[in-house]
Amino acid sequence: MHGVKLGLADGYSPEAVAPALGVPVLMISGREDKVNPIATNAAVLAKAVPHARLDILDGIGHLPEVEAPDVVNRLLLGFFAD
């Protein structure tokens, strides 16, 4: 998701390319992420990608896969099982 921030700095628009994504996308973000705040990264992508799902983890920061691996693994298993 950090790519969204960097891409916007280079003039890239997620809204312009996201509609071309025809596959489901799972984004997992920590509500306490100060590096890539949800409002300027994950939320932008979630609105732009047609089949996006954004799961926000309370009390988690920038590295959900390290801070809450059991939760992240459960979300991934559920996402890929659908």
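Details of the structure are given in the entry above.
(A) Representation of the overall build of the protein chain in the model. Helix and strand counts for the protein chain stand at five helices and two strands. When its helices and strands are written in sequence order, the protein chain yields α-α-β-α-β-α-α. A separation threshold of at least 6 residues defines the contact pool for the protein chain, and within that pool the share at least 24 residues apart is 73%. Looking at the protein chain as shown, the accessible area adds up to about 5,100 Å², and 62% of this sits on carbon and sulfur atoms.

(B) Quick peek at the nonpolar core. Counting residues in each nonpolar core, the largest one holds eight residues, listed as L26, I28, L57, I60, A68, V72, L75 and F79. Excluding residues that lie within four positions of it along the chain, I60 makes contacts with G30, R31, E32, D33, E67 and A68. Residues A18, M27, A48 and V49 belong to the second largest nonpolar core, which totals five residues.

(C) Inspection of the pairing of strand β2 (residues 52–57) at higher detail. When strand β1 (residues 25–30) meets β2, the two strands line up parallel, connected through six bridges. Paired with M27 across the two strands is L54, which belongs to β2. Regarding topology, helix α3 (residues 42–48) serves as the crossover connection from β1 to the parallel β2, and that connection is right-handed.

(D) Structural view of helix α5 (residues 69–81). Over its 13 residues, α5 extends 18 Å from the first C-alpha to the last, a length consistent with the 18 Å expected when each residue adds 1.5 Å. Listed in full, the buried residues belonging to α5 are V72, L75 and F79. Taken down its axis, α5 places every buried residue within 65° of arc, on the same side. The exposed residues of α5 that point more than 90 degrees off its buried face are D70, R74, L77 and A81. Next to the buried residues of α5 lie β1, β2 and α4 (64–67).

(E) Representation of the pattern of salt bridges within the structure. Under the definition given, this model contains two salt bridges. Among the salt bridges present, the one from R31 reaches D58, with a minimum N-O distance of 2.4 Å. Of this pair, R31 sits in the loop between β1 and α3 while D58 sits in the loop between β2 and α4, and the two are 27 residues apart along the sequence. Residues D55 and R53 are paired through a salt bridge, measuring 2.8 Å at the closest nitrogen-oxygen approach. Relative accessible area serves as the criterion here: at 29%, R53 is assigned to the partly exposed category.

Quick notes on the rules
- Residues numbered from 1 in each chain as written.
- Predicted model: local features only at pLDDT ≥ 70, side-chain atom pairs only at ≥ 80, totals over all residues.
- Heavy atoms only, no water.
- Helix = DSSP H or I, 4+ residues; strand = E, 2+ residues; numbered from the N terminus.
- Contact = heavy atoms within 4.5 Å.
- Areas by Shrake-Rupley, 256 points an atom, 1.4 Å probe, with all protein chains shown as cover.
- Core = buried A, V, L, I, M, F, W, Y, C linked by side-chain atoms within 4.5 Å.
- Buried < 20%, exposed > 50% of the residue type's maximum accessible area, 1.4 Å probe, protein only.
- Pairing = 2+ DSSP bridges.
- Right-handed = clockwise from strand over helix to strand, strands pointing away.
- Expected span 1.5 Å × (residues − 1).
- Arc of directions from axis to C-beta.
- Salt bridge = Lys/Arg side-chain N within 4 Å of Asp/Glu carboxyl O.

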